[in-house]
Amino acid sequence: MPTLTTTDPPRHDRARVQRRTVRTLVVAEVISGSGIATGFAVTSLLAEDLGGSATLAGLSQTAATLGGAAAVGAIAAITHVRGRRPGLATGYLAATVGAVACLVSAVVHSFPLFLVGMVLYGAAGATGLQARFAAADLAEPQHRGRAMSLVLTTTVVGAVVGPNLTGPGAAIAERLGLPPLSGTYLFAIVGFAIAFTAIAVLLRPDPLLLARGQDEAGEREKPPPLRAMLTALRGNRPAVLAILSIVAGHLVMIAVMSMTGIHMHHAGTGLGVIGMVLSGHLAGMYGFSTLFGWAVDRFRSRPVLYGGTAAMLLSLWICGTAGGEDVAQLAVGLALLGLSWSAVLVAASVLLSESVPVAELPAAQGFSDMAMNLAAAAGAALSGVVLERLGFATLTALSAIVLLLPLLAHPALRPQPDRST
C-alpha cells in the first residue's frame, strides 16, 4: 500500500478536487465561449472595413486559425512543464491581449494590427479545446468521457449568447465614442479576462500535477522534442488512430461547413435561412457532447468513434446530394455533421487520453490539437478552390475519402496491449 503524500490524496479528496476542477472549467468555458462567439460575429465585417475588400477579410479567419495552432503548441509546452493551470491561464491571457489589439485596430483603422490581434484571439478557441483534457486528468476511467464532454457541451451556451451581444456592443461603443463594430470586443476582453482569473485562482490544486503525483513547487521536466514525441506516438497504435481521427474529422467538418453557406447563397437562399442552418450545425457540434461522453463511458471509445465516423459519412452523402436550394436536406445533413463531429472528437480524445502515459499526455494532446487546427486552416483554404472548380458534391466526396483514411491506416488498426494509465 503506497504511502500517501500531499500530492497523493485519498480517493475521496481526489474526487472532490475533480468536481472543483470541472466546475472551474465549465465557468471558464461558458464565459470565454461568449467572448469567442461575440468577436467572431463581427470579425469578417470589421476585417472588410479595415482591409477594404472581401478577399482580405478572409485572412482574419486564417489568422485566428493559425494563431490557435501556435497557441496549442505553447500551451502544451507550458502544461508539460508547469501543469494545466499555467498552460490554460496563458492561453486566455493571450486571447485577452488579442481582443484588446482588435479593439485598438478598429479605433486607429489598422488592418495589420487587426490581423495580429486575431492571431492572439485564436488562442481562446485553442485553450477551450485543451480544457477538455484537463477535465479528464483526475476522472475515473469509467467517467472520462462524461468529464470531457461536459466541458465541451458548455461551449454551446457561449455560442448562443455571444452573437446576441452584437447589438448591445454597438450601443456601448457608440456611447463611448468608439467605432460600432469594435463594441463586441469589449465583451470579449471582459470574458477572456474573467476566464483567465477563474483558471489562475480556482484551478487549484493543479489536476495534471496531482495526477502525476507532483508537488507544484517541485522539479519539472522539459517538454520532449517534436521528433521524440512523434517517435513515441509511432509505436502507439491507439494514440495514432485517435490523433488521425481528430484531425480528419475536424478538417472535414470545417471544409464542408464553411462552404455550405456559399453553396446555398449561390442558389439564391437568403442570409437569414443560411444562418438558421448553420445555427443547427453549431448546436449539433456542442449541444449533445454529454450524450457521446456517456456512450464512451458505457460502450468504450472505439465503438463510438467508429459510429461517429459512419454518421459523418452519412451526413456527407446527405449534404452532397442536396442542391443549394434544398434547405431542409442541407439543414439535416449539416446538423448530423455537427453531431457526428462531436462523437468523433469526444471518443478520439478519450482514446488518446487512455492510450498515452500520464507523463507524456500534454505533449500528445498538444500535438493532436495543433495538427487539428492546421488541418482546419488547410481545409478552409482548399475547400473554396474545390467548390469553385469542381462543385459542392465533389467537395463532400473528397471529404469522405479523407474521413476514411484513419480507419484505412493499417498499423493503427492492429491490436495492441492496453496502455491505459
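Check the entry above for the structure.
Residues numbered from 1 in each chain as written. Predicted model: local features only at pLDDT ≥ 70, side-chain atom pairs only at ≥ 80, totals over all residues. Heavy atoms only, no water.

Remarks on the overall build of the protein chain
Each helix and strand counted, the protein chain has 18 helices and zero strands in total. Buried residues in the protein chain amount to 50% of all 421 residues. A separation of at least 24 residues holds for 82% of the contacts in the protein chain among residues at least 6 apart in sequence. On the protein chain, roughly 17,600 Å² of surface is accessible, and the fraction owed to carbon and sulfur atoms is 69%. (Helix = DSSP H or I, 4+ residues; strand = E, 2+ residues; numbered from the N terminus. Buried < 20%, exposed > 50% of the residue type's maximum accessible area, 1.4 Å probe, protein only. Contact = heavy atoms within 4.5 Å. Areas by Shrake-Rupley, 256 points an atom, 1.4 Å probe, with all protein chains shown as cover.)

Overview of the packing of helix α14 (residues 301-320) against helix α17 (residues 392-408)
In the contact formed by α14 and α17, the axes pass within 9 Å of each other and the chain directions differ by 170 degrees. Judged by the angle between their axes, α14 and α17 are roughly antiparallel. Contact with α14, carried on its side by Tyr306, Thr309, Met312, Leu313, Leu316, Cys319 and Gly320, involves Phe392, Ala393, Thr396, Ser399, Ala400, Leu403, Leu404 and Leu407 of α17 and no other residues of that element. Residue composition of the contact of α14 with α17, grouped by class: eleven nonpolar, four polar and no charged. (Axes fitted to C-alpha atoms, helices over the stretch in contact; angles between N-to-C directions. Parallel < 35°, antiparallel > 145°, perpendicular 65-115°, else oblique. Nonpolar A, V, L, I, M, F, W, Y, C, P; charged D, E, K, R; others polar.)

Digging into the packing of helix α5 (residues 144-153) against helix α13 (residues 289-299)
Taken N-terminus to C-terminus, the directions of α5 and α13 make an angle of 170 degrees; their axes are 7 Å apart at the nearest point. By the angle between their directions, the pair α5 and α13 is classed as roughly antiparallel. Here α5 contributes Arg144, Gly145, Arg146, Ser149, Leu150, Leu152 and Thr153 to the contact with α13, which in turn contributes Ser289, Thr290, Gly293, Trp294, Val296 and Asp297. Grouping the amino acids of the contact of α5 with α13 by side-chain chemistry returns four nonpolar, six polar and three charged.

A closer look at the nonpolar core
By size, the foremost hydrophobic cluster in this structure holds 57 residues, and its most contacted members are Leu352 and Phe392. The residues touching Phe392, leaving out its near neighbours within four places in the chain, are Val256, Met259, Thr260, His263, Cys319, Gly320, Leu330 and Leu387. (Core = buried A, V, L, I, M, F, W, Y, C linked by side-chain atoms within 4.5 Å.)

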